[in-house]
Amino acid sequence: MLVVRTHGLFLFSEPRNPKEPQNLTLSGARLVGGKLRINLRWIKPASDVPITFYKVFWSRRIHGPTNDSVLVYHRTVLKDKTCYELKNLEPKCQYFLQVQAVALYGGRRLASRKASKVFNATDYMAFADVGRRSRRCERYHGGLHVRRMICHCGDVKVRLVWSIDQDAKMYNVSWKEESCSLPYDENSQSRNRILWKVVQTPHYDLRHLRQDCTYSVNVRNIYAGERRDEHGSSIEFFAIGCQQDREEKRWKYSSKKGAQCKKKTDRNRKYSEATD
């Protein structure tokens, strides 16, 4: 919005459309169930009025017997996020990616030009986070986020943190393993099983998560009279960190440490059986 002072008067002009998002980058590429996932990130552009949301587009060309067609997908991303995880991409296709910033002003929609990037999925390994921890793009965000992710006794341990609600008595935390690159054991009960825990603190540690698996988490406030949030806050994250520890820090796990881990695992298993 332009403000011009003329003869002691301030004249306000109409706000301009936001600039296009800057510096589109790709990271965290990986295969899940034969399909490709990758994180698309951008930098918030300049705008006369606050940005309301972003539109993310991705398209690919389909070759038909008589003519070609283009499949276009799009999603809306909240204003406080500058990333989006693209899922179910075909590993042997080329995609055209676009991001657009949108601001609302006086009932009008001010849209930026679309920033664009071409992604050849056959070269996805060039965007894989090999040898370093990836910053995963959270699907939803309402104060809920992953504070830290470590390898604990051969499994991934995640600390979840969320905003305090002064009116909430407790919090209901539920989580589920959505997908995994590792094969499932026949006796495994973690697949498609929703686990939950009621806590009084605005944080919780998820333990015994499997390496290279995707988990979804939901946290709902519990108020007086057992009233709960209808939806709560949700995120999705990718468990990682144990493979590097096993390969590079194996010498740290002495026989005494291994015995401690085994003892804790047995105790946690008994606790889980008692609370199921």
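Residues numbered from 1 in each chain as written. Predicted model: local features only at pLDDT ≥ 70, side-chain atom pairs only at ≥ 80, totals over all residues. Heavy atoms only, no water.

- Under an unreviewed UniProt entry, the name given to the protein is Fibronectin type-III domain-containing protein, and the source organism is Odynerus spinipes.

### Description of the overall build of the protein
(1) Moving on: Counting its regular elements, the protein contains two helices and 17 strands.
(2) Moving on: Burial analysis of the protein (276 residues in total) assigns 39% to the buried set.
(3) Moving on: In the protein, of all internal contacts separated by at least 6 residues, the share reaching a separation of at least 24 is 65%.
(4) Moving on: Surface exposure of the protein reaches about 17,400 Å², of which carbon and sulfur atoms provide 49%. (Helix = DSSP H or I, 4+ residues; strand = E, 2+ residues; numbered from the N terminus. Buried < 20%, exposed > 50% of the residue type's maximum accessible area, 1.4 Å probe, protein only. Contact = heavy atoms within 4.5 Å. Areas by Shrake-Rupley, 256 points an atom, 1.4 Å probe, with all protein chains shown as cover.)

### What about the sheet that holds strand β7 (residues 83-89)?
(1) Moving on: The three strands lie next to each other as β3-β4-β7, forming an open sheet whose pairing is antiparallel. The open sheet has two edge strands with one neighbour each: β3 (22-32) and β7. Across the sheet, the axes of successive neighbouring strands diverge by a mean angle of 20°, strand direction being ignored.
(2) Moving on: For β3 and strand β4 (residues 35-43), the ladder comprises seven bridges, and the chain directions are antiparallel. Across the sheet, glutamine 22 pairs through a bridge with isoleucine 43, a residue of β4. (Pairing = 2+ DSSP bridges. Axes fitted to C-alpha atoms, helices over the stretch in contact; angles between N-to-C directions.)

### Thoughts on the pairing of strand β8 (residues 94-105)
(1) Moving on: Relative to strand β10 (residues 115-120), β8 runs antiparallel, the two sharing six bridges. Each residue of the ladder has a partner; that of tyrosine 95, found in β10, is phenylalanine 119.
(2) Moving on: In this sheet, strand β9 (residues 108-111) lies alongside β8 in antiparallel orientation, the contact comprising four bridges. Bridging from a neighbouring strand, valine 102 pairs with alanine 111 of β9.
(3) Moving on: Between β8 and β9, which follow one another and run antiparallel, lie two residues, and glycine 106 among them has a positive phi close to 55°.

### Considering the environment of glutamate 177
(1) Moving on: Among the structural elements, glutamate 177 can be located in strand β13 (residues 170-180).
(2) Moving on: Glutamate 177 sits in the buried class, given a relative accessible area of 3%.
(3) Moving on: In sequence terms glutamate 177 and phenylalanine 238 are 61 residues apart; their C-alpha atoms lie 9.8 Å from each other.
(4) Moving on: At 3.3 Å, the side chain of glutamate 177 and the side chain of arginine 210 are in polar contact.
(5) Moving on: Of the polar contacts made by the side chain of glutamate 177, one reaches the side chain of tyrosine 215; its length is 3.1 Å. (Polar contact = N/O pair within 3.5 Å; in protein donor to acceptor, adjacent residues only side chain to side chain.)

### Topic: the pattern of salt bridges
(1) Moving on: Counted under the stated rule, the structure contains nine salt bridges.
(2) Moving on: Notably, a salt bridge pairs arginine 16 with aspartate 48, separated by 3.1 Å at the nearest N-O pair. Linking arginine 16 in the loop between β2 (9-12) and β3 with aspartate 48 in the loop between β4 and β5 (53-63), this pair joins segments that are 32 residues apart in sequence.
(3) Moving on: Residue arginine 16 is classed as partly exposed on the basis of its relative accessible area of 48%.
(4) Moving on: Aspartate 48 gets classed as partly exposed once you look at its relative accessible area, which sits at 29%.
(5) Moving on: Glutamate 236 is paired through a salt bridge with lysine 87; the nearest N and O atoms lie 2.6 Å apart. Taken together, the positions of glutamate 236 in strand β17 (residues 233-239) and lysine 87 in strand β7 put the pair 149 residues apart, joining distant regions of the chain.
(6) Moving on: By relative accessible area, which is 6% here, glutamate 236 ends up buried.
(7) Moving on: The class of lysine 87 is partly exposed, set by a relative accessible area of 24%.
(8) Moving on: Taken together, the salt bridges that share partners define one network made up of Arg37, Lys87 and Glu236. (Salt bridge = Lys/Arg side-chain N within 4 Å of Asp/Glu carboxyl O.)

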